[in-house]
Amino acid sequence: MEGKYVSDPEWASIQPIPLNDGSETGAMPMATIAYSDDYIEATSYLRAVMAANEISERALKLTEDIIFMNPAHYTVWIYRAKIVFALNKDLLEELEWLNGVSLKYLKNYQIWHHRQVLMSSQDHFPTLPPKEMDFLMEMFAQDSKNYHVWTYRHWLVRHFKLWDSPREIADINSLLNSDVRNNSAWNHRYMLRFGPRSDEPDGGMTNSNGPPSEKGRLAVVDEDVVDEELQYAQVQIVKAPENRSPWSYARGVLRAGGRPLSEWTGFAQKFVLDKREQGQLVDVEVKSSHAVEWLADVYAQDGAAQESTAAEAVRMLNLLKEKYDPIRRNYWDYRIQMILGQEVLASA
Amino acid sequence: MPVVIAATGNKRRKVRFPSSSHTATAQVEKLETRNIRAHLPKSSRTPSISALKYHQSLGQGIKMVESTTHPTVPSLFKELPAIRDALITETTELQSETLNKCLPFLTGSHSSQKDPLNRYGVPPLKRDEHIGYLYDSLEDYPSGFVGLDASRPWMVYWALAGLSLLGEDVTKYRQRTISTFFPMQNPTGGFGGGHGQISHCASSYAAVLSLAMVGGEEALNLIDRQAMWKWLGRLKQADGGIRVCEGGEEDVRGAYCAMVMLSLLDLPLTLPPEAKAREHGLETFTSGLSEYLSRCQTFEGGISGCPGSEAHGAYAFCALACLCILGQPDVTVPKCMDILLLLSWLSARQYAPEGGFAGRTNKLVDGCYSHWVGSCWPLIQSALSGTQTAAVSQKSAVGNLYSREGLTRYILGCCQSPNGGLRDKPGKHPDSYHTCYTLTGLSSVQHHHYHTDSSATSNKDFASAFSWKHRPARTSNDPGSDVNVFDENDCLKALHPLYVIPHKAAEGMRLWCEMKPL
């Protein structure tokens, strides 16, 4: 075979380790791939240098060669990270290189973990490199809900303590302005405003290891932030009332502030208009199923004390069940039964 | 120079096992093109510019196909939701595009639906075609599939699990499974994605489950359990979580896969003496683990991949299944999760008219969530119902809290590819990942899983994980409640709700390991 490694004097000292695909055991291995000669050769050299734990420039080049052929090869990424640090490479250069790979392969775990490994080096990156967030916004322009990129950005915020960085909230506002339904952006917003900070382990909510019903509850509440964020959520809801994201966000905000859902009863009622003729309810005009659900929850909480309020909760849940969210019928029924204090009969 | 032994495709034969009633030649002819296309669409998941343009012209308009719809399809599955906001954004454009693609399939009016619909307007399961597709998926792939090189253990698992669901006997693959995984195991413990790849939780999970499915002394004996235990010990982190590989990311996949392997292989719960996590005061694999999972619940109620990320269906399953391996669902789940908040989020994952599940808020339905979200349901329902005694009384149990009918319609109507294999949604190509997980979802609507106090294993650690029973799901007598809209002969086998392989395979591996304590 006349491969590029075999014929390269730089690699003459390496005895490649050929692929063992298991067929020597006698039975044909499954889901095999008819690899290209280049890939077969490069990975044979990879096995050899990894077995010798070689840290070298040529090994670094080899990792790049394989990454370009198969960026999902997680082993080669981990080996590359090890070499980059051991050779004390210029990590900004490595990031630049990584940017190109990231834009080419959008759905990939390894790239983003590699970036996080580089960035976690306090020696190289005592502070956030200036172009980092610009690059992430470039990624979001390709896919504004890319899970790996959001996970990495969340990690960045915590690592560099960026919760109150003006850039963070500005980027979130800009992404929500272009698509108010970007739930990833709403999640990030929540973590910026109400997520755990350095005094607690990271979590989707503060107080995550407290009793489950008290998860998310802030120990010290900045009422101005709570008011601001509730206000922001209302403005976004008015733009598109059937968008679940800001309604969930508002629930999270109230939870953080230790305030009741009933604080928004009046707001939610604007989207659920009872039509009466001579005092009799004849119809309901609903502009948001989430408002109906909100009212159901408010009435259910109050309904423990008052029967008429419980009946209102059931009326709301029936609206959801019959008309506004009927695919979730069994769930709404379960909620109704909880209010009525009855057991739900097995329907399985 | 040494001769490099290549696994060249041209020397391999595309071996197929004959399956009951389809023509082998036709399948083989299709193989080449189908498999080439099968995995490519991954890169086209991002909306293309042309798709967006198409939708700007579409506005709020969705082409309805009323004239040709099947009369027995309920309006819920052929009409648009009652409320649709006027504001158009990228999210609604993609949603409209998806609805346009799904509606003809849901109403049974798409030209590619050649099989007669059943009395509920649902197409039959293309059983033979899916069996053929999965058999083909175990054979040789052209060089363009090099991107799967680290996922070959998954390819084997998806095919064997899918074939088991379809009632095929996969023990005939015992020798080939052994030869596939033999070079992937590392002497330092665990399996990598291929020869020379470092051990990874995902490939080890797929390897262990595949070996459990084919069973037999030789297959089970292949796993170096002592080395596996030591390797898993190196993945345990100070914060209670578990990495997917040494130097790799820490997330709930690591936690779930590790607990699956520890419990199936009956490995010691104590950390190996040399595990780094011991320096932080942790003594067992479970130390701090449920607290870690607890921190993955988000304000939406769902569960994220790692603390602070967005709630996501696939990670929700990993976290819930992990909690259910750790102990009884009615104990471990409410201890860590605000369960009503979780329930509300999980329930909101199901969309109409599509009927299928989306993985996150404001994302699209995708057949694979039939498992990731769908398989959360038996777990959370059991957490709410409590443990059932082995006797039959089910009166106190909560019923099914999602729409089994909707999920069935989405899977059978929208996810079946005409030539076999199942897919994310209409317009996408099938692949073995989606085939396995949509079929798992279909199985989960057909069987009622419940947790009991009677374990199939000896009463030791993880006895609770082996205490799941199932029975066929019945059509409810309650009018308007869920009906079985699939035909009797479209029934699939049940899989274990935590291990996602047949119960017998999981129990067989566990019992075999119990007889060989480390």
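The model shown is predicted, which means the values in this text are computed figures rather than measured ones. (Residues numbered from 1 in each chain as written. Chains lettered and ligands numbered in written order. Predicted model: local features only at pLDDT ≥ 70, side-chain atom pairs only at ≥ 80, totals over all residues. Heavy atoms only, no water.)

Participant: Which residues make up the overall build of chain A, and what values go with them?
Facilitator: Looking only at helices and strands, chain A has 15 helices and 2 strands in total. Here chain A has a C-alpha radius of gyration of 28 Å; the compact-globule value for 348 residues is 20 Å, and the former is much larger. In chain A, which comprises 348 residues, the share counted as buried stands at 59%. Of the contacts formed within chain A by residues at least 6 apart in sequence, a portion of 62% connects residues at least 24 apart. (Helix = DSSP H or I, 4+ residues; strand = E, 2+ residues; numbered from the N terminus. Rg over C-alpha atoms; globule rule 2.2 N^0.38 Å. Buried < 20%, exposed > 50% of the residue type's maximum accessible area, 1.4 Å probe, protein only. Contact = heavy atoms within 4.5 Å.)

Participant: Outline the overall build of chain B, listing residues and values.
Facilitator: Scanning chain B for helices and strands turns up 19 helices and 2 strands. Here chain B holds 518 residues, and the buried ones make up 66% of them. Long-range contacts, defined here as pairs at least 24 residues apart, represent 72% of the contacts in chain B between residues at least 6 apart. Here chain B has roughly 17,300 Å² of accessible surface; of this, 55% comes from carbon and sulfur atoms. (Areas by Shrake-Rupley, 256 points an atom, 1.4 Å probe, with all protein chains shown as cover.)

Participant: Summarise the pattern of salt bridges; cite the residues concerned and give the values.
Facilitator: All names here are of chain B. Following the criterion strictly, the structure yields 42 salt bridges over all chains and no others. One salt bridge in this structure joins Arg-360 and Glu-310, with 2.9 Å as the shortest N-O distance. Taken together, the positions of Arg-360 in the loop between α14 (339–347) and α15 (369–372) and Glu-310 in the loop between α11 (289–294) and α12 (313–326) put the pair 50 residues apart, joining distant regions of the chain. Across the pair, Glu-310 and Arg-360 agree in class, each one buried. (Salt bridge = Lys/Arg side-chain N within 4 Å of Asp/Glu carboxyl O.)

Participant: Break down the pairing of strand β2 (residues 280–286) of chain A for me, citing the residues and quoting the values.
Facilitator: Residue and element names in this part refer to chain A. Judged from the 6 bridges that link them, strand β1 (residues 272–277) and β2 form a sheet pairing that is antiparallel. Across the sheet, the residue bridging to Asp-274 is Val-284, located in β2. Between β1 and β2, which pair antiparallel and follow one another directly, the connecting turn spans 2 residues, one of which, Gln-278, has a positive phi of 50 degrees. (Pairing = 2+ DSSP bridges.)

Participant: Give a detailed account of the packing of aromatic side chains, specifying residues and quantitative values.
Facilitator: Residues and elements named next belong to chain A. Across all of its chains, the model carries 41 aromatic pairs over all chains by this definition. On the basis of an interplanar angle of 55 degrees and a centroid distance of 5.7 Å, the ring pair of Trp-186 and Tyr-232 is categorised as tilted. With Trp-186 in helix α9 (residues 183–194) and Tyr-232 in helix α10 (residues 223–239), this pair connects stretches of sequence that are 46 residues apart. Given a relative accessible area of 0%, Trp-186 falls into the buried group. (Phe/Tyr/Trp six-rings, centres within 6.5 Å; stacked < 30°, edge-to-face > 60°.)

Participant: Which residues make up the packing of helix α4 (residues 91–104) of chain A against helix α5 (residues 109–119) of chain A, and what are the values?
Facilitator: All names here are of chain A. Contact geometry of α4 with α5 gives a least axis separation of 11 Å together with a crossing angle of 165 degrees. Comparing their axes, α5 and α4 come out roughly antiparallel. Classified by chirality, the crossing of α5 by α4 is left-handed. Of α5, the residues touching α4 (which contributes Leu-91, Glu-94, Leu-95, Leu-98, Asn-99, Val-101 and Ser-102) are Ile-111, Trp-112, His-114, Arg-115, Leu-118 and Met-119. (Axes fitted to C-alpha atoms, helices over the stretch in contact; angles between N-to-C directions. Parallel < 35°, antiparallel > 145°, perpendicular 65-115°, else oblique. Left-handed = near helix turned anticlockwise from the far one by under 90°.)

Participant: Give me the lowdown on the nonpolar core, citing residues and values where you can.
Facilitator: All names here are of chain B. Within the largest apolar cluster, 256 residues are counted, with the highest numbers of intra-cluster contacts made by Tyr-157, Met-228, Leu-232, Tyr-256 and Tyr-499. For this core, the element with the highest residue contribution is α12, accounting for 12 residues. Not counting chain neighbours up to four residues away, the residues in contact with Tyr-499 comprise Tyr-157, Tyr-205, Leu-209, Tyr-256, Val-260, Ser-263, Leu-264, Ile-325, Ala-465, Phe-466 and Ala-506. (Core = buried A, V, L, I, M, F, W, Y, C linked by side-chain atoms within 4.5 Å.)

Participant: Lay out the packing of α10 of chain A against helix α11 (residues 244–257) of chain A with the relevant residues and their values.
Facilitator: All names here are of chain A. Across the interface, α10 lies against α11 with an axial gap of 9 Å and an inter-helix angle of 165 degrees. Classified by the interaxial angle, the pair formed by α10 and α11 is roughly antiparallel. When you trace α10 past α11, the crossing you get is left-handed. Between α10, through Val-226, Glu-229, Leu-230, Ala-233, Gln-236 and Ile-237, and α11, the contact on the second element is made entirely by Pro-246, Trp-247, Tyr-249, Ala-250, Val-253, Leu-254 and Gly-257. Residue composition of the contact of α10 with α11, grouped by class: 10 nonpolar, 2 polar and 1 charged. (Nonpolar A, V, L, I, M, F, W, Y, C, P; charged D, E, K, R; others polar.)

Participant: Run through the side chain of His-449 of chain B, naming residues and quoting values.
Facilitator: If you trace the backbone, His-449 of chain B turns up in strand β1 (residues 447–451). The residues contacting His-449 of chain B, other than those within four sequence positions of it, are Pro-378, Ser-382, Trp-468, Lys-469, His-470, Ala-494, Leu-495, Pro-497 and His-503 of chain B.

Participant: Before we move on, could you go through the environment of Cys-368 of chain B and cite the residues and values that matter?
Facilitator: You can see Cys-368 of chain B is positioned in the loop between α14 and α15. Not counting residues up to four positions away in its chain, the partners in contact with Cys-368 of chain B are Tyr-433, His-434, Tyr-437 and Thr-438 of chain B.

Participant: Can you explain the environment of Ser-143 of chain B? Please cite residues and give values.
Facilitator: Within the secondary structure, Ser-143 of chain B sits in the loop between α4 (127–137) and α5 (152–165). Since its relative accessible area comes to 37%, Ser-143 of chain B is described here as partly exposed. Here the alpha-carbon distance between Ser-143 of chain B and Leu-106 of chain B, two residues 37 residues apart in the chain, equals 37 Å. With residues near it in sequence (within four places) discarded, Ser-143 of chain B still touches Ile-33, Ala-34, Tyr-35 and Ser-36 of chain A.

Participant: Describe the confidence of the model for chain B, and please don't skip the residues or the numbers.
Facilitator: Averaged over all residues, the pLDDT of chain B is 87; the fraction at 70 or higher stands at 84%. In this model, residues 1–61 of chain B is a region of pLDDT below 50 whose contacts with residues beyond four sequence positions or in other chains number 113 contacts. (pLDDT = per-residue confidence, 0-100.)

Participant: How would you explain the interface of chain B and chain A if you had to name every residue and give the values?
Facilitator: Between chain B and chain A, the residue contacts involve 120 residues of the former and 98 residues of the latter. Buried surface at the junction of chain B and chain A, summed over both partners, amounts to about 9,100 Å²; 58% is from carbon and sulfur atoms. Inspection of the region where chain B meets chain A yields 2 salt bridges. The closest approach of N and O atoms between Asp-338 of chain B and Arg-255 of chain A, which form a salt bridge, is 2.5 Å. In this structure, the connection of chain B to chain A is made through 56 residue pairs in polar contact (both at pLDDT 80 or more). The class makeup of the residues in the side of chain B that touches chain A is 46 nonpolar, 47 polar and 27 charged. (Buried area = accessible area lost by both parts, 1.4 Å probe. Polar contact = N/O pair within 3.5 Å; in protein donor to acceptor, adjacent residues only side chain to side chain.)

Participant: Run through helix α15 (residues 329–340) of chain A, naming residues and quoting values.
Facilitator: The terminal C-alpha atoms of α15 of chain A, which comprises 12 residues, lie 16 Å apart, in line with the 16 Å expected from a rise of 1.5 Å per residue. What α15 of chain A keeps buried is the set Asn-330, Tyr-331, Trp-332, Asp-333, Tyr-334, Arg-335, Ile-336 and Gln-337 of chain A. Residues of α15 of chain A that are buried sit in contact with α13 (289–303) and α14 (307–324) of chain A together with α14 and α16 (376–385) of chain B. Just beyond α15 of chain A, the residue with positive phi is Gly-341 of chain A, at close to 70 degrees. (Expected span 1.5 Å × (residues − 1).)

Participant: Quick rundown of helix α3 (residues 74–86) of chain A? Include the residues and the values.
Facilitator: Across its 13 residues, α3 of chain A extends 19 Å between first and last C-alpha, which sits within 8% of the 18 Å expected from 1.5 Å per residue. Where α3 of chain A is concerned, the buried positions are Tyr-74, Thr-75, Val-76, Trp-77, Tyr-79, Arg-80, Ala-81, Ile-83 and Val-84 of chain A. As for α3 of chain A, its buried residues are in contact with α1 (37–51), α2 (57–69), α4 and α5 of chain A together with α7 (201–214) of chain B. Phi for Asn-88 of chain A, located one or two positions after α3 of chain A, is positive at around 50 degrees.

Participant: Which residues make up the side chain of Gln-446 of chain B, and what are the values?
Facilitator: Its place among the elements puts Gln-446 of chain B in helix α18 (residues 432–446). Those residues in contact with Gln-446 of chain B that lie beyond four places of it in its chain are Pro-472, Ala-473, Phe-486, Asp-490, Cys-491 and Leu-492 of chain B.

Participant: Which residues make up the confidence of the model for chain A, and what values do they have?
Facilitator: Across chain A, the average pLDDT comes to 95, with 98% of residues at or above 70. In the predicted structure, residues 342–348 of chain A sits below a pLDDT of 50 and forms 24 contacts with residues beyond four places in sequence or in another chain.

Participant: Break down the state of the cysteines for me, with residues and values.
Facilitator: Residues and elements named next belong to chain B. Inspection of the entire model under this criterion finds 0 disulfides over all chains. We note that Cys-376 lacks a disulfide partner, and the nearest cysteine sulfur, in Cys-318, lies 8.9 Å from it. Given the relative accessible area of 0%, Cys-376 is considered buried. (Disulfide = S-S within 2.5 Å.)

Participant: Can you lay out the environment of Val-49 of chain A for me, pointing to particular residues and giving the numbers?
Facilitator: Locating Val-49 of chain A in the fold gives a position in helix α1. On a C-alpha basis, the gap between Val-49 of chain A and Ser-288 of chain A in space is 61 Å, while along the polypeptide they are 239 residues apart.

Participant: Residue-level account of unusual backbone geometry, with values.
Facilitator: Residues and elements named next belong to chain B. The residue after Ala-352, namely Pro-353, is reached through a cis peptide bond having omega 5 degrees. Tracing the backbone through its elements, the reader meets Pro-353 in the loop between α14 and α15. Of note, Asn-362 is a non-glycine position whose phi angle comes to about 65 degrees, a positive value. Tracing the chain through its elements places Asn-362 in the loop between α14 and α15. The phi angle at Phe-462 is positive, at roughly 70 degrees, despite the residue not being glycine. On the secondary structure map, Phe-462 appears in the loop between β1 and β2 (468–472).

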